[in-house]
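What follows is the residue order along each chain.
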Amino acid sequence: MLTPERHRVILQLLKEKNIIKIQEVMELTNSSESTIRRDLSMLEKQKYLKRIHGGAKVLQGKLQEPSMEEKSSKNLQEKRLIAKYAASLVEKGDCIYLDAGSTIFEMIEYLEVKDIVVVTNGLMHFSSLINKGIPVYGIGGFVKPKTNAFVGRGALASLELYRFDKCFMGVNGIHPQFGYTTPDQEEALVKQRAISLTREAFVIADSSKFSEISFAKITDIHEASIITNEIDTGMEKQYLNRTTIKVVTT
């Protein structure tokens, strides 16, 4: 089977099933594993799909954005793993910014250093921070119902009052060429400004966010370090010399 024919078969199968396995494509096209892996790599570069362990999946829509409730229930074990490590980076005397993301929310439980100050645009974060006795400042603006995040002109104006030692950010997409992205341009602007006001920026994201591209760009890859639970070796090479990636496994 010629390459264009295999690609048509792969894309049709992906359209029908959303997630496909290398083995089933090999059997369907009567091709070797190395050939199918090359096909998937090529189609990923052309932004037709996203490679995952043992196969491929459909890319999420540029504007697709799950609610806070939906995000909170997905990949929870992985989120808690990387959230615990991220919390360990917070030191006595730090002024930190916590984004409204669901993985960032998981960090709060593991914050053990009390002599810190937190600024956040995450509506859901306040009660947990207060219960732990951590001083917290909220930025103003409009509360976006889907993500419970303060966004808009008021949020951006409030951010100008602060400077941070560390910033912990959630994103919807991580891509070596297109950077960090999120579906909403209002949230992207708040995230971007917070990153620009910090000494160190960390993107906290489970492995599902790699190779995804959402509608609104936050910033370039080199502007933040990445903390994640897993990354394919081949994919990690794409980020070499662009940023630092910490893979947390335990």
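Check the entry above for the structure.
What to know about the side chain of T182
- As for its position among the elements, T182 is in strand β11 (residues 179–182).
- Exposure remark for T182: the relative accessible area of 1% places this residue in the buried category.
- A distance of 2.8 Å separates polar atoms of two side chains, one belonging to T182 and the other to N172.

A few points about the side chain of S211
- Mapped onto the elements of the fold, S211 is located in the loop between β12 (198–204) and β13 (216–219).
- Polar contacts involving the side chain of S211 include one to the side chain of E44, which spans 3.4 Å.
- The residues touching S211, leaving out its near neighbours within four places in the chain, are E44, K50, L59, I174, H175, M235 and Y239.

Overview of the pattern of salt bridges
- Taken as a whole and assessed by the stated rule, the structure comprises 14 salt bridges.
- As a salt-bridge pair, K144 and E187 come within 3.0 Å of each other at their nearest N and O atoms. Here K144 is found in strand β7 (residues 142–144), whereas its partner E187 is found in helix α9 (residues 185–196), with 43 residues between them in sequence. Like E187, K144 is buried.
- One salt-bridge network, in which partners are shared between bridges, spans E91, D94 and K166.

How each quantity is defined
Within each chain, residue numbers correspond to sequence positions counted from 1 in written order. Since the coordinates come from a predicted model, pLDDT governs what is reported: local features require at least 70, and pairs of side-chain atoms require 80 or more to be given and counted, while whole-chain, interface and lining totals use all residues. Only hydrogens and water are set aside; all other atoms, that is, all heavy atoms of the structure, feed into the side-chain values. Strands here mean DSSP runs of E at least two residues long; helices mean DSSP runs of H or I at least four residues long; both are numbered from the N terminus. Accessibility here uses a 1.4 Å probe with only protein chains present; expressed as a share of the type maximum, an area under 20% marks a residue as buried, one over 50% as exposed, and anything in between as partly exposed. Within 3.5 Å is the distance limit for a polar contact, defined as a pair of N or O atoms, with the added protein rule that one can donate a hydrogen and the other accept it, and that residues adjacent in sequence qualify only through two side-chain atoms. Here, two residues are considered to be in contact whenever any of their heavy atoms come within 4.5 Å of each other. Should a side-chain nitrogen of Lys or Arg be within 4 Å of a carboxyl oxygen of Asp or Glu, the pair is scored as a salt bridge.

Functional significance is not addressed by these values, which are geometric in nature.
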